[in-house]
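# A closer look at the structure
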Amino acid sequence: MTAQLNNLSRVKGAGMIELSDVSKRFVLHNQGEAVIPVVEGALLHVAAGECVALVGASGAGKSTLMRMIYGNYLANAGRIIVGGVDVAQAEPREILALRREILGYVSQFLRVVPRVPTLDVVAEPLLLVGAEPEAARDRARVLLDRLNIPERLWTLSPTTFSGGEQQRVNIARGFAHAFPAMLLDEPTASLDAANREVVLSLIEEAKARGAAIVGIFHDEAARDRVCDREVDVTSFTPGLT
Amino acid sequence: MSDYNFAYLDEQTKRMIRRAILKGLAVPGYQVPFASREMPMPYGWGTGGVQVSAAVLVPEDVMKVIDQGADDTTNAVSIRKFFEKTAGVATTEHTRDADVIQTRHRIPEEPLREDQILVYQVPIPEPLRFLEPRETETRKMHALEEYGLMHVKLYEDISRHGAISTAYAYPVKVEGRYVMDPSPIPKFDNPKLEMAAVQLFGAGREQRIYALPPYTQVVSLDFEDFPFEASKADHACDLCGCNTSYLDEVIMDDAGGRMFVCSDTDFCRERRAAGHVGAQGAPYEEDAA
Amino acid sequence: MTPLFQVKSLGKYYGSRIGCEDVSFDLYPGEVMGIVGESGSGKSTLLNCLAGHLEPDTGEVLFDTRVGGLRDTVTMSEPERRMLGRTDWAFVYQHARDGLRMGVSAGGNVGERLMAVGARHYGDIRAQAIDWLGRVEIAEDRVDDRPSAFSGGMQQRLQIARNLVTGPRLVFMDEPTGGLDVSVQARLLDLLRGLVREMGLSAIIVTHDLAVVRLLADRLMVMKDGHVVETGLTDQVLDDPQHGYTQLLVSSVLQV
C-alpha cells in the first residue's frame, strides 16, 4: 500500500503532503511512565489543489495528526513529507524554513506578541518571505477588509479583540502568504454567515491556485463545499477499528 | 660630603631603578614596575621623581628642581636641598645650566638639549585608571592596544562641556603604541613632549617608571572634528610681557584684583633681565627676587 | 549553508563537579537558540564558555570568522578573541550594571564599541549613538544622562544598543529579561524580536523563562545537571516534550 502510494505520487508528481506509517505515542515520565498511543500507521496523500478533511470522533487524533504534519508534535515513526522535506526527521531550521515558505497553519487561537498592531500581525508572514513592506501591508489591508475587521482596529494590537475578531485576524494572517500547503483547524468555527462565506471562498481560491489543504471541519456544510474527500483518522487510532 | 650614600639610595637600589629606566626607554610609554623605596618625604611629594633623579645623578651634575614651573616653592626648595645634602651636587635655577631637571607639573619654556634629562613626578601613572579600576584589566588593555576607553573619556568631555575640557594630564599616544599619562602638566606643554632631552617619569606610590627617549613621537589624543588644542590663558605675562608662555593667575586682593605671570620663574626672570617689562612689572634689578 | 557557530563536546569542570559536559550543537546564521534549565543546570557556565568568558576544559567552540573562516575560539589568541568580543560578538548581561559603564553617559556607553574599533569622529559617533538609542526606544534627550538615572528596562535597552551598534553577528544573552516587570519584559522582547529579524542576528539566549524562549527562540536546548537532555524546535519541545525533566519543567509553568 505504502509502495503503491509512493509510486502514485511519483506518477502524479504532485504529492504536496504525504504521510506514511506515521505513529505517535505520548510517554508521561512523571506519571508512572504511562504510555498513551494516539496514532498508528497513519497514511495520507494530498495533492496540489486538493483539500482533504480529517474526520473522526473527538479524541481520535485529528489535531495530533495536524500538529505532527506541522512539526509541532514529534512523530515516533514513519515519514511526513511536505514539499519534499521529511518533517519527522528534519532539523529545526529546515522545519522553520518550511513553515515560512511552504506550509501554513491556521490554528483556532491567535498567538502574537503584545503591542504589535493588527496590520503588522497580518503582514508578518509576507515580510518573513522577503516581501516589500508596503506590498505586504497592502495585502494585509485587503484581507482584513474582506474579513470585515473595521479599519479603526488595524493599528491596535489584536490581543484586546473579541474572540471572533481574533479568529478572523488569525485567518487573515494565515492566508496572507500564498502557501503551497495549508493546515486549517476549524477555520469557520465561531464565525457568522457572512464571514464564514469569506473564509470558504479564501479556501476555494487557495485550492484554485494549487494549494494542498488538510483541514478539520466540524461544520459539515463547509466541509462538503470545499473538501474533495474525507480521511477518517479512526482507522489510525490504536485500539479502535 | 655627608654620611649618606651618594644621592641617598644604596647602590643596589639605584641599579634596580636604572634597569627599570633602561627598560622604559627601550619601550617608550610602557609603565615598568619597580620596587619603590621609602623616601624621607611623604607620598605625593615627589618620591618617584626623587628616586629616578637619584638613580641618574652623577657627582658632576648640576641639578634644577621646579614645582609648577617655579624654583622657589616649598616642594622645589626641599627637594633641591635634599640633593644638595645627600649627593652634594651643585644646583641651579637656570634651565640652561642644569644637567638634570626634576619637575612637578610643568615643562620649562626654554627648549631642552640632548645632554639634559627631565624627570617628572607622577601621581597616577595609569591613564585608564579613572575609567577602569582593575589593574589586571588595564594591563591587558595596554598589552592588546585596546584604547577605545580613552576616547570615551574625551567623548564625555565634549558631550558635557562642548569641548575637550581635560586641561592637564592630557593623554598621549607614544610612537603609535602606548597610551601614556604625561603627568599633570598642562596640555599647553603636550607639544613640547617631543623634545631633544631624555624624559623620565617616576611614580613612587604606584611603583611605576616610564620614559620617552629623545625625539620620540608623542601625539595628544583627540577627535577628527575636535582636534587637540594646546591652550593657555589669553593674556600676556604682567611681569615680563611674554604672550607665548604658560601663565599662572595670581589673586592680588579681595576686590577681584589679579595678575597673570609666567609659571616658569627662570624664564620670566631672564626676560626681565633682558629688559622686557609687562603691564604691572617694574624694571628688573639684580637680587630683586 | 555553513554554520556560523559550531560547538563540539564542550565540557567545563569545577574540580570533580560538572559545570557542563559533552555539549555539541551547530548554530546557523539568523538562528536564535534558547537554553533553558533551572538554576545550577549549567546553562550559565555553558554560555560563559561559549562567549569566551570561561575557558572550557574540553571541546571546541568554532566561529565562522570574517577573514579566517571557521576558527576555534578556545585556542585562538586572547587579542583575537577579545577583538571578536567587541566586533562580531555581543554579550547582554542579566544585570545591566555588569554590561554598562555606570559612570559614563548613555551616548558614551553606546559609542565605546565604535571608538574601540577606531571611530574618531565625535559627530559621527554621537549621531550613531542617538540613532541606536532611538532604535531601542530611548529618547534623544537622554543621550547625555548616565545609566544610573535610567529605569531597569531602559538600562537593559541601553545595554542592547551598546552591544548591537557595531553590527555583531552573534549575540549571547544571559537572562535578558530577568528581574524586569512583565510589561517591561514584553516591550523588550518585542524589541529584541524586531532587531533579530532586521539584522539577521544569530543569538543564544539563556533563560529559565519558557515564555521568553517561546517568543524569541527558534530552537531550544534543555539542560539538567550540566547535560543537554533535549533539543529541538522550540514549540515542539514545549508542546511535546520528550524527556521527563522537560515534561516536568513545562508542566510546572503557572498558567495565567
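Since the model is a prediction, treat every value here as computed from it, not as a measurement. (Residues numbered from 1 in each chain as written. Chains lettered and ligands numbered in written order. Predicted model: local features only at pLDDT ≥ 70, side-chain atom pairs only at ≥ 80, totals over all residues. Heavy atoms only, no water.)

### Notes on the nonpolar core
The cut-off we apply is this: Only buried residues count toward a nonpolar core. Its members are Ala, Val, Leu, Ile, Met, Phe, Trp, Tyr and Cys residues joined through side-chain atoms within 4.5 Å. Buried, partly exposed and exposed residues are distinguished by accessible area as a fraction of the type maximum, computed with a 1.4 Å probe on protein chains only: under 20%, between the cut-offs, and over 50%, respectively. Pairs of residues are marked as contacts when any of their non-hydrogen atoms sit within 4.5 Å.
Phe223 of chain B together with Val110, Leu158, Ile160 and Val171 of chain C are the most contacted members of the largest nonpolar core, which totals 67 residues. Contact partners of Leu158 of chain C, with chain neighbours within four places excluded, come to Leu100, Ala106, Val110, Leu133, Ile138, Pro147 and Phe150 of chain C. Core analysis: the second largest hydrophobic core is formed by 42 residues, Leu144, Leu191, Val199 and Leu202 of chain A among them.

### Things to note about the pairing of strand S9 (residues 208-212) of chain B
Residues and elements named next belong to chain B. Test applied: What counts as a helix is a DSSP run of H or I of at least four residues, what counts as a strand is a run of E of at least two, and both are numbered from the N terminus. One requirement defines pairing of two strands: DSSP has to find at least two bridges between them.
Judged by how many residues are buried, S9 sits mostly within the fold: 5 of 5 residues are covered. Burial along S9 is two-sided: Arg208, Tyr210 and Leu212 and Ile209 and Ala211, pointing in opposite directions, are all buried. Relative to S9, strand S8 (residues 198-203) runs antiparallel, the two sharing 5 bridges. Within S9, the residue paired with Ala203 across the bridge is Arg208.

### Details of the sheet that holds strand S8 (residues 202-206) of chain C
All names here are of chain C. Selection criterion: Axis definition: a line fitted to C-alpha atoms, over the contacting stretch in the case of helices. Angles run 0 to 180 degrees between N-to-C directions.
Read from one edge to the other, the open sheet built from 6 strands follows the order S6-S7-S8-S3-S9-S10, with strand pairing classed as mixed. This sheet does not close on itself; its edge strands, each paired only once, are strand S6 (89-92) and strand S10 (227-233). On average, adjacent strands in this sheet sit at an angle of 15 degrees to one another, irrespective of strand direction. Across 6 bridges, the pairing between strand S9 (residues 219-224) and S10 is antiparallel. Considered in S10, the bridge of Lys224 is made with His227.

### Looking at the domain arrangement of chain B
Residue and element names in this part refer to chain B. Cut-off, in case you're wondering: Throughout, the edges of the domains are those of an automatic or database domain assignment. Computed with a 1.4 Å rolling probe, the buried area is the accessible surface lost when two parts are put together, summed over both parts. The term salt bridge refers to a pairing of a side-chain nitrogen on Lys or Arg with a carboxyl oxygen on Asp or Glu at a separation within 4 Å.
Domain boundaries assigned for chain B yield domain 1 (11-220) and domain 2 (232-282). Its C-alpha centre places domain 1 at a distance of 26 Å from the equivalent point of domain 2. Listed as interface residues are 16 residues of domain 1 and, on the opposing side, 12 residues of domain 2. Buried surface at the junction of domain 1 and domain 2, both sides included, amounts to about 1,100 Å², of which 44% is carbon and sulfur. Together, His94, Glu109 and Phe188 form the three largest contributors to the area buried by domain 1 at its contact with domain 2, with a combined 41%. For the pair domain 1 and domain 2, the number of links is 2 salt bridges.

### Some words on the interface of chain C and chain B
Taken together, the contact between chain C and chain B spans 22 residues of the former and 21 residues of the latter. Carbon and sulfur atoms make up 57% of the area that chain C and chain B hide from each other, which totals about 1,900 Å². If you sort the residues of chain C by the area they bury against chain B, Arg82, Arg120 and Tyr122 of chain C come out on top, with a joint share of 39%. Connecting chain C to chain B are 5 salt bridges. Across the salt bridge formed by Arg86 of chain C and Glu146 of chain B, the nearest N and O atoms sit 2.8 Å from each other.

### Details of the interface of chain C and chain A
Heads up, the rule is: For this analysis, a polar contact is any N or O atom pair within 3.5 Å, provided that within protein one partner can donate a hydrogen and the other can accept it, and provided that sequence-adjacent residues contribute only side-chain to side-chain pairs. Each residue gets one of three labels, nonpolar for Ala, Val, Leu, Ile, Met, Phe, Trp, Tyr, Cys and Pro, charged for Asp, Glu, Lys and Arg, and polar for the others, Gly among them.
Across the boundary between the two partners, chain C contributes 24 residues, which contact 24 residues of chain A. Of the roughly 2,100 Å² buried where chain C meets chain A, counting both sides, 51% is carbon and sulfur surface. It is Arg197, Leu233 and Asp240 of chain C in chain C that bury the most area against chain A; as a group they hold 25% of the surface buried on that side. In this structure, the connection of chain C to chain A is made through 12 residue pairs in polar contact (both at pLDDT 80 or more). Listed by contribution, the elements that provide at least two residues to the side of chain C that touches chain A are helix H7 (182-199), helix H8 (210-216), S10, helix H9 (234-239) and helix H10 (244-251) of chain C. Here the side of chain C that touches chain A gets 5 residues from one element, more than from any other, and that element is H7 of chain C. Of the residues assigned to the side of chain C that touches chain A, the class counts are 6 nonpolar, 6 polar and 12 charged.

### Concerning the pattern of salt bridges
All names here are of chain C. In the structure shown here, the tally under the stated rule is 54 salt bridges over all chains. Linking Asp88 and Arg169 is a salt bridge whose minimum nitrogen-to-oxygen distance equals 2.9 Å. Note that Asp88 is positioned in the loop between helix H2 (78-86) and S6 and Arg169 in the loop between helix H6 (152-164) and strand S7 (170-174), a separation of 81 residues in sequence. What makes Arg169 partly exposed here is its relative accessible area of 23%. A salt bridge links Lys224 to Asp225, with the nearest nitrogen and oxygen atoms 3.5 Å apart. Here Lys224 falls in the partly exposed class, since its relative accessible area comes to 26%.

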